[in-house]
Amino acid sequence: MQKRQPSQQTCRSCRCVDKFDFHVPDLVWKQVVPKNLQTRVVCLECFDKFAAEKQVPYTHFLHTVYFAGEKAQMELKVVDSHDP
Ligand SMILES: [Zn+2]
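Residues numbered from 1 in each chain as written. Predicted model: local features only at pLDDT ≥ 70, side-chain atom pairs only at ≥ 80, totals over all residues. Heavy atoms only, no water.

K.L.:
How do you make sense of the coordination of the zinc ion when you look at a structure like this?
P.N.:
In ideal tetrahedral geometry, four donors around a metal make angles of 109.5 degrees, whereas ideal octahedral geometry with six donors gives angles of 90 or 180 degrees. Taken together, the protein donors to the zinc ion comprise C11 (SG), C14 (SG), C43 (SG) and C46 (SG), at separations of 2.3 Å. Between the four donor atoms coordinating the zinc ion, the angles at the centre fall across 106 to 114°, so the site counts as tetrahedral. Between consecutive donor residues of the zinc ion, the sequence gaps follow C-x2-C-x28-C-x2-C. Given the relative accessible area of 1%, C11 is considered buried. (Donors = N, O, S within 2.8 Å, 3.2 Å for Na, K, Ca; no water. Tetrahedral: all angles 85-135°; square planar, octahedral: opposite > 155°, others 65-115°. Buried < 20%, exposed > 50% of the residue type's maximum accessible area, 1.4 Å probe, protein only.)

So, in C-alpha cells, the structure goes:
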C-alpha cells in the first residue's frame, strides 16, 4: 500500500522536495518571497534564507511546522530565538 502525501511538493527555488509544511500570513509571505516565486511552492529552508536576506523576522507568525516524511509525520514546535 502506498501513501502519498499531498503536501509534498517541489520547491521552485531549490527544487528539493518540500517536506516541511508551514504557514505564514500573506503579508509576511509577500515581504519575504521574491515576486516571481510568490505563487509557487517555496520550502522552509528557502523561505528562511529569503527572510534572512531581507531581514524579516517571521518566527512570531509561524506557529507550527509540520514535517511530512516518508515514514513519519510530525508536528514541530517553533522556538523563538531572538535575533542577535
Ligand atoms: Zn527550497
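K.L.:
How do you make sense of the pairing of strand β4 (residues 64-68) when you look at a structure like this?
P.N.:
The side chains of a regular strand alternate between the sheet's two faces. In terms of strand pairing, strand β3 (residues 20-21) meets β4 through two bridges, oriented antiparallel. For D21, the partnering residue across the bridge sits in β4 and is Y66. Pairing analysis gives five bridges linking β4 to strand β5 (residues 73-77), with the strands arranged antiparallel. Bridge assignment links V65 to a residue of β5, and that residue is L76. Counted between consecutive antiparallel strands, the loop separating β4 from β5 contains four residues. (Pairing = 2+ DSSP bridges. Helix = DSSP H or I, 4+ residues; strand = E, 2+ residues; numbered from the N terminus.)

K.L.:
Would you mind going over unusual backbone geometry with me for this structure?
P.N.:
Trans is the common state for peptide bonds, and a negative phi is the common state for residues other than glycine. With a phi angle near 65°, R15 is a residue other than glycine that sits in the positive phi range. Counting through the fold element by element, R15 comes out in the loop between β1 (9-10) and β2 (17-18).

K.L.:
How should the packing of aromatic side chains be read in this particular structure?
P.N.:
Remark: the centre distance and the inter-plane angle together describe each pair of aromatic rings, the angle taken between the planes. If you walk through the whole model with that rule in mind, you get five aromatic pairs. Plain terms: the ring middles of F22 and W29 are 6.4 Å apart, the flat faces sit at 45° to each other, and that makes the pair tilted. According to the relative accessible area criterion, F22 is buried, its value standing at 9%. The class of W29 is buried, set by a relative accessible area of 17%. Here the aromatic residues F22, W29, F47 and Y58 are joined through ring pairs into a cluster of three or more. (Phe/Tyr/Trp six-rings, centres within 6.5 Å; stacked < 30°, edge-to-face > 60°.)

K.L.:
Would you mind showing me how to read helix α2 (residues 44-54) here?
P.N.:
For an α-helix, 3.6 residues make a turn, and residues three or four places apart therefore share a direction. The set of residues buried in α2 consists of L44, C46, F47, F50 and A51. The buried side chains of α2 occupy one side of the element, clustering within an arc of 165° when seen end-on. For α2, exposure combined with an orientation more than 90 degrees from the buried face picks out E45, A52 and E53. On its buried face, α2 sits against β2, β3, α1 (26-32) and β4. (Arc of directions from axis to C-beta. Contact = heavy atoms within 4.5 Å.)

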